[in-house]
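# Topology and contacts: notes
Each chain is listed here by its residues.
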Amino acid sequence: MNKKIKGILLVLVLCLTFCLYFEKSLAASGSIVVHYLDSIRKPTYDYTKKHGQSMGYSVYGYNNSTNEDILNQLKSSSVIVMHLHGSPGVQVMANYTYLSGTNGNGGNIKSVSSLSSGSLNQMKIAIYYGCETGVVSKTYGDICQQTVNKGAQTAVAWEVSTIVGDVNEWNRLFFEKAKTDNIVESFRHADYWLRYKKGDDAGDRMQITRNEKGNIYGYIN
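A brief structural summary. Since the structure is predicted, the reported quantities are computational estimates derived from the model, not experimental observations.

What follows deals with the pattern of salt bridges. Across all of its chains, the model carries 14 salt bridges by this definition. Here Asp-181 and Lys-177 are joined by a salt bridge, their closest N and O atoms 3.7 Å apart. For Arg-195, the salt bridge goes to Asp-204, with nearest N and O atoms at 2.9 Å. Take Arg-195: its relative accessible area is 23%, and that puts it in the partly exposed class. Counted as one network, the salt bridges with shared partners bring together Glu-169, Arg-172, Glu-176 and Lys-197.

Listed below in structure tokens is the structure:
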């Protein structure tokens with residue numbers, strides 16, 4: 001083998017090594033926390049875990065948990081997903097405990113607004129699936145805006161009554177796309193394919209009733 005061929009091979013090996021290192025360095029790190037209410041909502045956790053782990057995240061699921069540790073989880077997570085019951089400005093958790101946008105009492109109602117400024121700087125997206133959680137409430141405020149105010153890149157919730165099966169499928173499609181694209185394109189991917197698979201009612205419910213705050217052109221991968 002002459003010196004020229006050896007030189008070419010050496011360059012190729014170095015390029016391959018660099019590309020593998022660069023790809024690894026871009027892999028996501030940190031944690032995803034998923035709260036789900038029951039077995040019919042568990043697919044939200046299952047598919048978030050599948051796609052989240054493939055991005056490099058550690059994924060933790062909590063089945064029908066109280067709000068006892070929710071503020072700490074918000075502060076330590078890169079992504080949080082909550083598929084629970086809801087009401088305007090609120091996610092309803094176990095034992096009559098709640099996560100709200102504002103006006104928490106520090107006990108059964110914990111509010112995002114109570115967190116210190118910048119405490120969610122590590123968070124790439126918070127996804128709140130719950131009936132009317134995205135409605136801006138006179139009492140409990142705008143949970144998405146409060147989440148972004150505390151440093152999160154993006155937060156999203158829905159302003160209507162959600163359907164469990166629609167949420168499970170939309171969530172699966174969102175994370176499927178988010179492995180390789182930004183948040184807004186992942187929204188569009190989930191919107192398109194949910195509408196294709198489940199019809200216009202499901203498509204409209206998940207697409208045109210969102211409360212989106214923050215930078216939807218950012219990435220979670």
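In terms of nonpolar packing, the biggest core is built from 30 residues, with Ile-127, Trp-170, Phe-174 and Ile-220 touching the most fellow members. Listing elements by their share of this core, those giving two or more residues are strand 1 (31–36), helix 2 (42–55), strand 3 (79–83), strand 8 (125–129), strand 9 (154–158), helix 5 (164–178), helix 6 (183–198) and helix 7 (200–207). Residues contacting Ile-220, with those up to four places away along its chain left out, are Ala-28, Met-55, Tyr-57, Lys-124, Ile-125, Phe-174, Phe-175, Ala-178 and Ile-183. If you look at the next biggest cluster of nonpolar residues, it comprises 22 residues, including Leu-84, Leu-115, Ile-143 and Ala-152.

In this section: the sheet that holds strand 9. Taken in spatial order, the six strands of this open sheet run 2-1-3-8-9-10, and their pairing is mixed. Bordering the open sheet on either side are strand 2 (58–63) and strand 10 (210–214), each of which pairs with just one other strand. The average undirected angle you get between the axes of adjacent strands in this sheet is 10°. Bridge count for strand 1 against strand 2 is six bridges, and the pairing is parallel. In the strand pairing of strand 2, Val-34 is matched with Gly-61. Running at roughly 165° to strand 10, helix 6 makes contact with strand 8, strand 9 and strand 10 of the sheet.

Okay, helix 6 next. One turn of an α-helix holds 3.6 residues; hence residues three or four places apart share an orientation. Between its first and last C-alpha atoms helix 6 spans 22 Å; for 16 residues at 1.5 Å apiece the expected length is 22 Å, and the two agree. All of the buried residues in helix 6 are Ile-183, Val-184, Ser-186, Phe-187, His-189, Ala-190, Asp-191 and Leu-194. On the buried face of helix 6, the contacting elements are strand 8, strand 9, helix 5, helix 7 and strand 10.

Further remarks concern the sheet that holds strand 6 (residues 97–100). What the four strands build is an open sheet, ordered 4-5-6-7; its pairing is mixed. At either margin of the open sheet sits one strand with a lone partner, and together these are strand 4 (85–87) and strand 7 (109–111). Strand-to-strand twist of the sheet, defined as the mean angle between neighbouring strand axes without regard to direction, takes the value 25°. As defined by bridge partners, strand 4 adjoins strand 5 (residues 90–93) across three bridges and the pair is classed as antiparallel. Note that in strand 5 the partner of Gly-86 across the bridge is Gln-91.

Rules and cut-offs
Residue numbers here run from 1 along each chain, matching the order of that chain's written sequence. Given that the model is predicted, a residue must reach a pLDDT of at least 70 before its local features are reported, and side-chain atom pairs must reach 80 or more before they are shown or counted; all residues, however, enter totals for whole chains, interfaces and linings. Heavy atoms from the whole structure form the basis of all side-chain values; hydrogens and water molecules are not counted. In what follows, salt bridge is the name for a side-chain nitrogen of Lys or Arg lying within 4 Å of a carboxyl oxygen of Asp or Glu. Relative accessibility decides the category of a residue: with a 1.4 Å probe and only protein chains considered, values under 20% of the type maximum give buried, values over 50% give exposed, and everything between is partly exposed. By convention a nonpolar core is built from buried Ala, Val, Leu, Ile, Met, Phe, Trp, Tyr and Cys residues, the set being connected through side-chain atoms within 4.5 Å. Where helices and strands are cited, they refer to DSSP runs of H or I of at least four residues and of E of at least two residues respectively, numbered from the N terminus. By the convention used here, residues are in contact when the closest approach between their heavy atoms is within 4.5 Å. In short, DSSP must find at least two bridges between two strands for them to pair. As a rule, the C-alpha atoms of each element are fitted with a line to give its axis, helices using only the stretch in contact, and angles between N-to-C directions run from 0 to 180 degrees. Here, expected helix span is obtained from the residue count minus one, scaled by 1.5 Å.

Interpretation in functional terms is not warranted from these geometric data alone.
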